[in-house]
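Read off the chains here:
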Amino acid sequence: ELAWQEQQLGRSTQALSRAREAEAILSVAIERQPQPTGRRAWQLAEMKGRLGGARFVALVADGTIQGPARLSEFAKVETLMLESDAQLRDDPIAHANFKRDAIERLVRLYETWSIAAPAAGKAESAATWKQRLASPGKAAAPDLKQNEGK
């Protein structure tokens with residue numbers, strides 16, 4: 001989250017540094033995490049969502065990634081974030097704050113992606129996730145199949 005704030009303030013170098021640091025720490029933590037079950041299953045999903053968030057900030061802050069490579073990275077980040085959201089959403093033990101954070105990361109991703117590639121149809125995804133953020137627990141998860149290939 002701090003890396004995203006740095007990016008928003010126009011401090012791309014600091015944002016990239018913080019994001020890369022978070023990415024390294026989270027990658028190691030996820031790698032070392034035994035497959036959790038029961039009451040701790042949500043924690044791995046939360047770490048994966050934060051890893052997606054760190055990779056997203058790094059992508060936005062790193063001006064050297066352009067064109068098709070940039071769009072490919074958006075898709076990789078999307079996969080991590082969507083998996084995290086689905087696992088957190090389905091886990092009754094996961095706290096509402098973690099579920100909200102996952103949705104906020106997806107809104108940021110889709111808003112930024114829609115600017116980077118307007119024809120990709122991600123503005124619709126951003127609006128759908130914003131609606132879900134505004135009414136947690138009431139709105140079902142967006143139908144992601146409708147936006148595949150956009």
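Everything discussed here concerns the structure shown above.
Described below are features of the structure shown in this document. Quick caveat: nothing in here was measured; it's all calculated off a predicted structure.

1. Side note on the overall build of the chain
When helices and strands are counted, the chain shows six helices and zero strands. Ordered by position in the sequence, the α and β elements of the chain form the string α-α-α-α-α-α. Within the chain, the proportion of its 150 residues that are buried is 41%. Within the chain, contacts between residues separated by at least 24 positions form 62% of all contacts whose residues are at least 6 apart in sequence.

2. Looking at the packing of aromatic side chains
Under the definition given, this model contains three aromatic pairs. With a centroid separation of 5.3 Å and an interplanar angle of 10°, the aromatic rings of Phe74 and Trp113 are classed as stacked. Taken as a pair, Phe74 in helix 4 (residues 67-90) and Trp113 in helix 5 (residues 96-116) lie far apart in primary sequence, 39 residues in all. Considered together, Phe74 and Trp113 belong to a single accessibility category, that of buried residues. Here a set of aromatic residues connected by ring pairs shows up, and it is made of Phe74, Tyr110 and Trp113. The ring of Trp113 is capped by Lys122, whose NZ or CZ atom sits 4.3 Å from the centre of that ring.

3. Observations concerning the packing of helix 3 (residues 41-61) against helix 4
Relative to each other, helix 3 and helix 4 sit at 155°, their axes nearing to 8 Å. By the criterion of interaxial angle, the relationship of helix 3 to helix 4 is roughly antiparallel. Relative to helix 4, the crossing made by helix 3 is left-handed. Contact with helix 3, carried on its side by Trp42, Ala45, Glu46, Lys48, Gly49, Leu51, Gly52, Gly53, Arg55, Phe56, Leu59 and Val60, involves Arg70, Glu73, Phe74, Val77, Leu80, Met81, Ser84, Gln87 and Leu88 of helix 4 and no other residues of that element. In terms of residue class, the contact of helix 3 with helix 4 is built from eleven nonpolar, five polar and five charged.

4. Examining the pattern of salt bridges
Under the defined criterion, the tally for this structure stands at 14 salt bridges. Close ionic contact of Glu23 with Arg55 constitutes a salt bridge, the shortest N to O distance being 3.1 Å. Here Glu23 is found in helix 2 (residues 12-32), whereas its partner Arg55 is found in helix 3, with 32 residues between them in sequence. Of the charged contacts in the structure, one is a salt bridge between Arg105 and Glu46, with a shortest N-O distance of 3.7 Å. Here Glu46 lies in helix 3 and Arg105 lies in helix 5, a separation of 59 residues in the sequence. On the basis of relative accessibility, which here comes to 4%, the residue Arg105 falls in the buried class.

5. Details of the nonpolar core
If you look at the biggest cluster of nonpolar residues, it comprises 23 residues, and the most contacted ones within it are Phe56, Leu106, Leu109, Tyr110, Trp113 and Trp129. For this core, the secondary structure elements donating two or more residues are helix 2, helix 3, helix 4, helix 5 and helix 6 (122-134).

6. Here we look at the environment of Met47
Considering the arrangement of structural elements, one finds Met47 in helix 3. Note: C-alpha distance between Met47 and Leu26 (21 residues apart in sequence) is 6.6 Å. If we ignore the near neighbours within four places in the chain, the residues touching Met47 are Leu26, Ala29, Ile30 and Gln33.

7. Focus on the packing of helix 4 against helix 6
Packed helix pairs are characterised by how far apart their axes lie and by the angle those axes make with each other. At a closest axis distance of 15 Å, the pairing of helix 4 and helix 6 adopts a crossing angle of 25°. When the axis of helix 4 is compared with that of helix 6, the two are roughly parallel. Viewed along their axes, helix 4 and helix 6 form a crossing whose handedness is left-handed. Contacts between helix 4 and helix 6 involve Glu78, Leu82, Asp85 and Arg89 from the first element and Lys122, Trp129 and Arg132 from the second. Taken together, the residues of the contact of helix 4 with helix 6 break down into two nonpolar, no polar and five charged.

What counts as what
- Residues numbered from 1 in each chain as written.
- Predicted model: local features only at pLDDT ≥ 70, side-chain atom pairs only at ≥ 80, totals over all residues.
- Heavy atoms only, no water.
- Helix = DSSP H or I, 4+ residues; strand = E, 2+ residues; numbered from the N terminus.
- Buried < 20%, exposed > 50% of the residue type's maximum accessible area, 1.4 Å probe, protein only.
- Contact = heavy atoms within 4.5 Å.
- Phe/Tyr/Trp six-rings, centres within 6.5 Å; stacked < 30°, edge-to-face > 60°.
- Lys NZ or Arg CZ within 6 Å of the ring centre and 35° of its normal.
- Axes fitted to C-alpha atoms, helices over the stretch in contact; angles between N-to-C directions.
- Parallel < 35°, antiparallel > 145°, perpendicular 65-115°, else oblique.
- Left-handed = near helix turned anticlockwise from the far one by under 90°.
- Nonpolar A, V, L, I, M, F, W, Y, C, P; charged D, E, K, R; others polar.
- Salt bridge = Lys/Arg side-chain N within 4 Å of Asp/Glu carboxyl O.
- Core = buried A, V, L, I, M, F, W, Y, C linked by side-chain atoms within 4.5 Å.

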